[in-house]
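One letter stands for each residue in the lines below.
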2 protein chains.
Amino acid sequence: MPITKKILLKEEDIPKQWYNITPDLPHPLPPFIDPKTKEPGVGIVPQIFPKEIINQEISQERWINIPEEVREIYRIWRPSPLFRATGLEKALKTPAKIYYKYEGTSPAGSHKTNSSVPQIYYNMKEGIERVTTETGAGQWGSALAFAASMFGVQATVYMVKSSYEQKPYRKMMMNTFGAEVFASPSKQTAAGRKILEEDPDNSGALGTAISEAVEDALESGKTGKKANYTIGSVFNHVCLHQTVEGLEVKKQLETVDDYPDAIYGCIGGGSSFSGIIWPFYHDRIAKKAPKETKLIAIEPTACPKVTKGEYTYDHGDTAKLTPLVPMHTLGHDFMPAPIHAGGLRYHGIAPTISVLAQEKQINTFAVNQVEAFNAAKIFSQSEGIIPSPESTHAIKAVIDEAHKCKETNETKTLLFILTGHGFFDMSAYGEYFNGNLQPYEYPTEKVAESIEKLQKLYPWLKDAQKKYIQNKP
Amino acid sequence: MPITKKILLKEEDIPKQWYNITPDLPHPLPPFIDPKTKEPGVGIVPQIFPKEIINQEISQERWINIPEEVREIYRIWRPSPLFRATGLEKALKTPAKIYYKYEGTSPAGSHKTNSSVPQIYYNMKEGIERVTTETGAGQWGSALAFAASMFGVQATVYMVKSSYEQKPYRKMMMNTFGAEVFASPSKQTAAGRKILEEDPDNSGALGTAISEAVEDALESGKTGKKANYTIGSVFNHVCLHQTVEGLEVKKQLETVDDYPDAIYGCIGGGSSFSGIIWPFYHDRIAKKAPKETKLIAIEPTACPKVTKGEYTYDHGDTAKLTPLVPMHTLGHDFMPAPIHAGGLRYHGIAPTISVLAQEKQINTFAVNQVEAFNAAKIFSQSEGIIPSPESTHAIKAVIDEAHKCKETNETKTLLFILTGHGFFDMSAYGEYFNGNLQPYEYPTEKVAESIEKLQKLYPWLKDAQKKYIQNKP
């Protein structure tokens, strides 16, 4: 019998509940802090999210029901395939068994639809007719546009200007799903106008686009119908929506009687990585895991928030509209190098990832985009799938481990999350093949500068950090 | 129980044989004619194809075994999903049941890999290390590049210059799979150089690119290792490779106890349409069909070979290198309007389609690209899949029929082939949303002119036509 290439499940097997890691964390998540009161508080959050999303954000329930209406839309592409990387194994001549969960078959081509669909659903249920958001590479924006078209909601997307110009096809995709798209910084918002006044050629950053989308939602009620804001990563509710990935993988691996020795994923805000590892982390906590599984997050050297950043409190956006989030950060004024993994260019990370990293429940390391694309070339030519630039970082790590397995002759089972296809990123491949990619490394000094600035801005921050972050209960 | 959205099969269900329509046609296919001898003959064909492909091209066997090595690669994406268009049905409020076979999950994003994989396989088996081909929209070229990377063969692709410039991402995709790509007309071949001398700004045509790819293969043995030529449509061996589509659909529909009242597909060279209808035509001939099924081919009004063209003998390429093929044609000097369905801009059609059309076994009509994109918008926003511009022509026809079903309250079962996704065609969507698309209609006079020229070139052509085409045995 030949090896099954695509391990598929039936639509009935789409999970009926998302898994929420919060009650299983080694210690409770530090609270958000409202910079105005300097005390725990969520600031503007209640003004821009539907109630059910806020409930999920702070929920201590381990399992959260997935509405039937959401599962109905999930059926378009879920359960997503788990591939056995037979071609890659052969190309590497490795004894390792490599699997990848492929989220690229979704309508928007990435894992982002796992969260955009429930987010739009809960907004629609609470009577919201328009939502705003930001997008970097365009993956979240197009996922939101797709979900909005499914439930008849209007979507307004602020797209980081460099991506808007570099990836016009992503914009047209959002338009095709019926969304309106503005290059950020834009003239639509005060935050955007302020930046453009100071620097008309500003090419944008995710932090800026968040400020614009949040401001649009906050101000919308004054001039028209109230709109809500949506976010594509970092927040708990987003990460938990993504657990359909790992929950499905567990069932899929059961059908071939296998279990991973290590799981790999790239991290931008951390949602796709959370989606695949949380259910396996639950096995660990519940003492159901048949073996010790390493959980490995890979970030770009150009944006090394966990490996080089500071674990402290910081804003999620440039304009400091969001509350202070307990996370590893490069500073909210971080301006990313123009690497092609647009989805990984965010200065912060999901607070849950920070806790897991601090508690050594996960490992993290950084790879540069040139070595990532080297890995992508091997993968494309052996597996036939062209990966998104974000995913290539995980592939690099997996290939390294597979080489080690060859040396030691170990039959390890390696699993990674292939978050999406690279069809909208072919210009990045073009530049790679032309030798134009730089192996950017973010300088440690710049992190120190940003953190110093942050501490000057909020002199009381160190105390808050000590109180909520360093003093583990 | 909710309706199953994606009807899936197991990898074991990938067909073990392709179906060949030739022995089941109402009359034998007219022979190719060698213009030098004016007699039946295949001209250069034996010099540029592997033996097994030629055997398949002329085979009278109804069933042809699919090599295990080919099925192994097919496993990457086959069996492809059959979708129930629940979202579209709801949007149209139609009682019709609509299904579509989706070939966009393949590595190159279209049905073309169904034939590129076996073509590369047979070449590799016969010791060929390099193959050449032409590509219009880039779908065939990237499918060939993918297949070549799977079997370690080198691919050289001549890409119609207008597409090369309009779709740089397709070129980069081919490069990622390891292929070399030239804009056609190119300086690589005598045929290309001749055209460039006369018209340096010539933006290319599929017929020209074919001439270049054929010449490269023909001449290759003189200066280096012999290369072979490959073709992405029109020829019998290509159409029969595509029957995995229809063979899978039949199994998939059995699982939901349904059978189509009508099957729709767009036609460029005719291979994806053949792939889906041939197995149902076999049911008709074998008297196994539970009902009368209409088989409907849709072509663009900008390239109406079957609805406006002449059923006669013509070359497959501009430079008249190929033998004369018995088919509906707009003339081999046809210069297409710049419609975005690049895969439909070919002047001729598969000879089998011509026989089926002449014998009224299939229906054909033409739609323009504006109405096609109108349909694509409805489809994208209700089904979440952005279709390739080619497929939108079939969607337009299906939506029209679904509207009729609503008027007459008929629960017809409609099936269409969704040949691929439109992720590489977002600029076409951009132009559509900007109102820049023209509803081109190819003028009847121009067809008459081209046919007259053809008849002047080969004054004996009318006799051949009478002998082999009009005199049905």
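How each quantity is defined
- Residues numbered from 1 in each chain as written.
- Chains lettered and ligands numbered in written order.
- Predicted model: local features only at pLDDT ≥ 70, side-chain atom pairs only at ≥ 80, totals over all residues.
- Heavy atoms only, no water.
- Helix = DSSP H or I, 4+ residues; strand = E, 2+ residues; numbered from the N terminus.
- Buried < 20%, exposed > 50% of the residue type's maximum accessible area, 1.4 Å probe, protein only.
- Contact = heavy atoms within 4.5 Å.
- Areas by Shrake-Rupley, 256 points an atom, 1.4 Å probe, with all protein chains shown as cover.
- Lys, Arg positive; Asp, Glu negative; His and termini not counted.
- Charge placed at Lys NZ, Arg CZ, Asp CG, Glu CD.
- Expected span 1.5 Å × (residues − 1).
- Buried area = accessible area lost by both parts, 1.4 Å probe.
- Salt bridge = Lys/Arg side-chain N within 4 Å of Asp/Glu carboxyl O.
- Polar contact = N/O pair within 3.5 Å; in protein donor to acceptor, adjacent residues only side chain to side chain.
- Nonpolar A, V, L, I, M, F, W, Y, C, P; charged D, E, K, R; others polar.
- Least-squares fit on C-alpha atoms with pLDDT ≥ 70 in both.
- Domains from an automatic or database assignment.
- Pairing = 2+ DSSP bridges.
- Axes fitted to C-alpha atoms, helices over the stretch in contact; angles between N-to-C directions.
- Phe/Tyr/Trp six-rings, centres within 6.5 Å; stacked < 30°, edge-to-face > 60°.
- Parallel < 35°, antiparallel > 145°, perpendicular 65-115°, else oblique.

Q: Got a sec to walk through the overall build of chain A? Specific residues and values, please.
A: The helix and strand tally for chain A stands at 19 helices and 17 strands. Seen along its three principal axes, the alpha-carbon backbone of chain A occupies a region of about 65 × 50 × 45 Å. A buried classification covers 66% of the 473 residues belonging to chain A. Contacts spanning at least 24 positions in sequence make up 79% of the contacts within chain A whose residues lie at least 6 apart. About 16500 Å² of surface is accessible on chain A, with carbon and sulfur atoms providing 50% of the total. Looking at chain A, you have 53 positive and 55 negative side-chain charges, and the mean spots of the two groups are 2 Å apart.

Q: Give a detailed account of helix 6 (residues 139–151) of chain B, specifying residues and quantitative values.
A: With 13 residues, helix 6 of chain B extends 19 Å between its outermost C-alpha atoms, agreeing within 8% with the 18 Å of an ideal straight helix rising 1.5 Å per residue. Counting buried residues in helix 6 of chain B gives 13 out of 13 residues, a clear majority hidden from the surface.

Q: Describe in detail the interface of chain B and chain A, supporting the description with residues and values.
A: With 41 residues of chain B in contact, the opposing surface of chain A contributes 41 residues. When residues of chain B are sorted by the area they lose upon contact with chain A, Y169(B), T176(B) and F423(B) head the list and together hold 19% of the total. Linking E11(A) and K6(B) is a salt bridge whose minimum nitrogen-to-oxygen distance equals 3.3 Å. Here chain B and chain A share twelve residue pairs in polar contact (both at pLDDT 80 or more) between them. At the level of elements, helix 6, helix 8 (168–176), helix 15 (369–383) and helix 17 (426–433) of chain B are the ones that each hand at least two residues to the side of chain B that touches chain A. When the residues that make up the side of chain B that touches chain A are grouped by side-chain class, the tally is 21 nonpolar, 13 polar and seven charged.

Q: Account for the relation of the copies chain B and chain A, naming residues and giving values.
A: Between chain B and chain A, which share one sequence, the superposing operator has a rotation angle of 180° and an axial displacement of 0.0 Å; the RMSD is 0.0 Å. Classification of the inter-copy transformation places it as that of a two-fold axis. When you check the interface residues of chain B against chain A, 100% turn up at the interface there too, and the contact is symmetric in its surfaces.

Q: I'd like to hear about the pattern of salt bridges, residue by residue, with values.
A: Think of it this way: side chains of opposite charge can pair up when their charged atoms draw near. One pass over the structure, following the stated rule, counts 47 salt bridges over all chains. With a closest N to O distance of 2.5 Å, K167(B) and D425(B) form a salt bridge. Placement of the pair is K167(B) in the loop between helix 7 (161–166) and helix 8 and D425(B) in the loop between strand 17 (413–418) and helix 17, with a sequence separation of 258 residues. A residue is classified by how much of its surface remains accessible, and D425(B), at 2% relative accessible area, is buried. Beyond isolated ion pairs, a larger network of salt bridges with shared partners links K6(A), E11(B), E72(B) and R75(B).

Q: Let's hear about the domain arrangement of chain A: which residues, and what values?
A: Residue and element names in this part refer to chain A. Annotation of chain A at the domain level lists domain 1 (6–16 + 66–109 + 237–467) and domain 2 (113–229). For domain 1 and domain 2, the distance between their C-alpha centres works out to 23 Å. It is I73, A108 and F424 that lose the most area in domain 1 upon contact with domain 2, and together they represent 21% of the buried surface on that side. On inspection of domain 1 and its partner domain 2, the count reaches one salt bridge. Between domain 1 and domain 2 we count 15 residue pairs in polar contact (both at pLDDT 80 or more) in total. Secondary structure elements with two or more residues in the side of domain 1 that touches domain 2: helix 3 (68–74), helix 11 (236–241) and helix 12 (244–255). No other element matches helix 3, which puts four residues into the side of domain 1 that touches domain 2.

Q: Describe the sheet that holds strand 10 (residues 180–184) of chain B, and please don't skip the residues or the numbers.
A: All names here are of chain B. Spatially, the four strands line up as an open sheet ordered 10-9-8-11, and their pairing is parallel. Of all strands in the sheet, those with a lone pairing partner are strand 10 and strand 11 (228–229), marking the two edges. As defined by bridge partners, strand 8 (residues 130–135) adjoins strand 9 (residues 154–160) across six bridges and the pair is classed as parallel. For T132, the partnering residue across the bridge sits in strand 9 and is T156. Lying over the sheet, helix 8 contacts strand 8, strand 9 and strand 10, oriented at roughly 175° with respect to strand 9.

Q: Describe the side chain of T156(B), and please don't skip the residues or the numbers.
A: With respect to the helices and strands, the residue T156(B) is situated in strand 9. Setting aside anything within four residues of it in sequence, one finds T156(B) in contact with R130(B), V131(B), T132(B), T133(B), E180(B), F182(B) and D216(B).

Q: So, the packing of aromatic side chains: which residues are in play, and what are the values?
A: By the definition in use, this model includes 47 aromatic pairs over all chains. Centre to centre, the rings of F334(A) and Y442(A) are 4.9 Å apart; their planes meet at 70°, and the pair counts as edge-to-face. Taken as a pair, F334(A) in the loop between strand 15 (324–329) and helix 14 (351–358) and Y442(A) in the loop between helix 17 (426–433) and helix 18 (444–457) lie far apart in primary sequence, 108 residues in all. Comparing F334(A) with Y442(A) shows no difference in burial state: the two are buried. Between F424(A) and F423(B), the aromatic rings sit 5.2 Å apart at their centres with planes inclined by 50°, giving tilted as the arrangement. Linking F424(A) in the loop between strand 17 (413–418) and helix 17 with F423(B) in the loop between strand 17 and helix 17, this pair reaches from one chain into another. F423(B) sits in the buried class, given a relative accessible area of 6%.

Q: How would you summarise the packing of helix 9 (residues 190–198) of chain B against helix 10 (residues 206–223) of chain B if you had to cite specific residues and measurements?
A: Residue and element names in this part refer to chain B. In contact at an axis separation of 8 Å, helix 9 and helix 10 are set at 140° when each is read in the N-to-C sense. With respect to each other, helix 9 and helix 10 are oriented oblique. Contacts from A190, A191, G192 and I195 of helix 9 reach helix 10 at T208, S211, E212 and E215. Its residues assigned to classes, the contact of helix 9 with helix 10 comprises three nonpolar, three polar and two charged.

Q: Describe the sheet that holds strand 7 (residues 97–102) of chain B, and please don't skip the residues or the numbers.
A: All names here are of chain B. The seven strands lie next to each other as 1-6-7-17-12-13-16, forming an open sheet whose pairing is mixed. Each having just a single partner strand, strand 1 (6–7) and strand 16 (363–367) make up the two edges of the open sheet. Relative to strand 17, strand 7 runs parallel, the two sharing six bridges. Bridging across to strand 17, Y102 finds its partner in L418. Seen against the sheet, helix 13 (residues 271–285) touches strand 7, strand 12 (262–266), strand 13 (294–300) and strand 17 and runs at an angle of roughly 155° to strand 12.

Q: Before we move on, can you summarise the side chain of H328(B) with the specific residues and values?
A: All names here are of chain B. Residue position: H328 is located in strand 15 (residues 324–329). A distance of 2.7 Å separates a polar atom in the side chain of H328 from a polar atom in the side chain of S354. Sequence-distant contacts of H328, that is, excluding residues within four places in its chain, are made with K305, V306, G309, E310, Y311, H347, G348, I349, S354 and A357.

Q: Tell me about unusual backbone geometry, and name the residues and values.
A: All names here are of chain A. Look at the link from S184 to P185: it is a cis peptide, with omega at 5°. For P185, the location among the structural elements is in the loop between strand 10 (180–184) and helix 9 (190–198). Residues other than glycine seldom take positive phi values, yet V234 does so here, at roughly 65°. Mapped onto the elements of the fold, V234 is located in the loop between strand 11 (228–229) and helix 11.

Q: Before we move on, could you go through the environment of K412(A) and cite the residues and values that matter?
A: Residues and elements named next belong to chain A. As for its position among the elements, K412 is in the loop between helix 16 (389–408) and strand 17. For K412, a relative accessible area of 25% translates into the label partly exposed. Distance from K412 to G343, taken between C-alpha atoms, is 29 Å for residues 69 residues apart in sequence. The contacts of K412, once residues within four sequence positions are left out, are A96, K97, D261, E401 and C405. Side chain to side chain, K412 and E401 meet in a polar contact 2.9 Å long.

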